[in-house]
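The chain contents come next:
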Amino acid sequence: MNRRNFLITPPAMALALGLGSTPLQSLAAPAILTPASRILPREGKKPRIVICGGGWGGMTAARYLRELIPNSDVVLLERNPTFWSGPMSNKWLIDIVNTDFVNHDMQRPANRYGYTLLQTEVMGFERDRKLVRTAHGLIEYDFLILSGGIRNAYEAWFGNDQRAIDHTRTHFPSAYIPNAEMFALKRKIQEFKGGTLVMTLPPPPHRCPPSPYERACLIAWHIKKNRIPGKILILDPKPKVAPIHMGYQTAFRELYPDIITHVPNARVQELDPFNKRIKTSAGEFRFDDAILMPPHQAAEMVWQADLIGKDANGKPTGWADMHPRLFHAHSDDSVYFVGDLMGAISDQFGHYPKSGHVANYVGRIVARNIAERVSGKEVVARLPDNLCYMMVNAEPQEEISVKFEYEVDPASGKVIQTQIDMDVRTEDLVKEDFAWIKEKFSDFLAI
Ligand SMILES: Cc1cc2nc3c(=O)[nH]c(=O)nc-3n(C[C@H](O)[C@H](O)[C@H](O)COP(=O)(O)OP(=O)(O)OC[C@H]3O[C@@H](n4cnc5c(N)ncnc54)[C@H](O)[C@@H]3O)c2cc1C
């Protein structure tokens, strides 16, 4: 077989051949397609919207597009066989929730809402011909939504030293992207026998700003409960813990005084993953074990689409170049962005928080914007909000939280942000958190 040819799996083949729900056993022989083959032929004149990435943002957009544009042909492309939730995954690390709580079937919502789900790798785009290149072939679109989340920018630490990157990914996984690293980290925590566990935090903007501190608290709780002679050293590039500064500082001091040390202004300068040494702007450290989170950037698909923003000096910002109120690319209004890969919104606060809450909200907004365009109506600019609950104690279960509200400043016309920290840890916030996740999962996972 030619290297560029490949055998596609029966479900993908059914989709490729446009067979939709045709029983698989009726397909006699596997088909050989090349990445240049056109797959998923169009049905009549229905508007086709292709969504790349089936996480919090992409799955929400898929549901609402089907509801708001009933004659639409919506295709969701996702590399993973099942959905994995970032929210609640810190709690899963120490068994507060089980795997079935964070890991879900994706075919059920696809069937319920009537969109096509294809498990494939998005590999690039031919935007001049409105085509997505996937591992299974080329797919046409009228509108494209990029919702692939983030990538780990290890090259910021290691340049093109692939050996160091691979070693770090394998031995000190960041576990911030839905993939097998989540299981590797859980195993690491279960097997931790003691010593210094270093956590590097990425510089802002990064995925879910309060959640690395939540992770530190819950691992510290595990260390305390099991009387492991271990310490956690949080190396934070920021000058202070943020958001929920007071809530976290109090939790570190009152619950984990001998376990957690937070080191501010600790931007990684040199990292030797083989000899377990790290040099930061706040000093040099050795570690026995680590969770090494490199800087975050928009997922590869935004780079492949050539839609990364540039700063005043012409350097890539690392995030999508987009209209801050309408969420489409500045240079191509048939391409929309949803979720963590989005670019900056405002001079006042920079990016919307890279959270599941915002991804879900913007997924709905973008579906509505596209529906307005398809029906020839004026597109209304809408604003999201954000809400994040963070567990700091597991016995009793107690949480803190942060809320962000947005409005347009009438004088400048720019979006401004108000941040409200809930610093006092309570059991009531745990109840609110579980009610929040239930509502969100029922919104886009149909459970
Ligand atoms: C530990 C942790 C705790 C968190 N806690 C919270 C919380 O309490 N509250 C909250 O609101 N948010 C929280 N978040 C953040 C939340 O998970 C993200 O903000 C959210 O998932 C963003 O949604 P998204 O759709 O942009 O990205 P994702 O949900 O990551 O979805 C992107 C999808 O695109 C797929 N993809 C990427 N590239 C390709 C490709 N080339 N081909 C095919 N598929 C591709 C990925 O497999 C993935 O499924 C947390 C995150 C973590 C890691």
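Being a predicted model, the structure only gives us computed values, none of them experimental. (Residues numbered from 1 in each chain as written. Predicted model: local features only at pLDDT ≥ 70, side-chain atom pairs only at ≥ 80, totals over all residues. Heavy atoms only, no water.)

Draft legend 1. How the structure looks around the domain arrangement of the protein chain. Looking at the protein chain, the domain boundaries give domain 1 (1-34), domain 2 (35-149 + 299-383) and domain 3 (153-295). A C-alpha centroid distance of 29 Å is found between domain 2 and domain 3. In this assembly, 15 residues from domain 2 lie in contact with 18 residues from domain 3. Interface area, domain 2 with domain 3, both sides summed: about 1,600 Å², of which 63% is carbon and sulfur. When the area that domain 2 buries against domain 3 is broken down by residue, the three leading residues are N90, L93 and I94, summing to 39%. At the junction of domain 2 with domain 3, the criterion picks out three salt bridges. The partner of D340 in a salt bridge is R207, with the nearest N and O atoms 2.5 Å apart. There are nine residue pairs in polar contact (both at pLDDT 80 or more) connecting domain 2 and domain 3. It is helix α3 (residues 89-93) that contributes the most residues to the side of domain 2 that touches domain 3, five residues altogether. Its residues assigned to classes, the side of domain 2 that touches domain 3 shows five nonpolar, six polar and four charged. (Domains from an automatic or database assignment. Contact = heavy atoms within 4.5 Å. Buried area = accessible area lost by both parts, 1.4 Å probe. Salt bridge = Lys/Arg side-chain N within 4 Å of Asp/Glu carboxyl O. Polar contact = N/O pair within 3.5 Å; in protein donor to acceptor, adjacent residues only side chain to side chain. Helix = DSSP H or I, 4+ residues; strand = E, 2+ residues; numbered from the N terminus. Nonpolar A, V, L, I, M, F, W, Y, C, P; charged D, E, K, R; others polar.)

Draft legend 2. Here's a closer look at the pattern of salt bridges. Scanning all chains against the criterion turns up 29 salt bridges. The residue E140 makes a salt bridge to R42 at a minimum N-O spacing of 3.3 Å. With E140 in strand β10 (residues 137-140) and R42 in the loop between β2 (32-33) and β3 (48-52), the pair connects residues that are 98 residues apart, well separated along the chain. By relative accessible area, E140 is classed as partly exposed at 29%. Of the residues examined, R42 reaches a relative accessible area of 26% and is grouped as partly exposed. For R151, the salt bridge goes to E155, with nearest N and O atoms at 2.7 Å. A residue is classified by how much of its surface remains accessible, and R151, at 15% relative accessible area, is buried. The exposure class of E155 is partly exposed, given its relative accessible area of 33%. Counted as one network, the salt bridges with shared partners bring together R38, R42, E140 and D142. (Buried < 20%, exposed > 50% of the residue type's maximum accessible area, 1.4 Å probe, protein only.)

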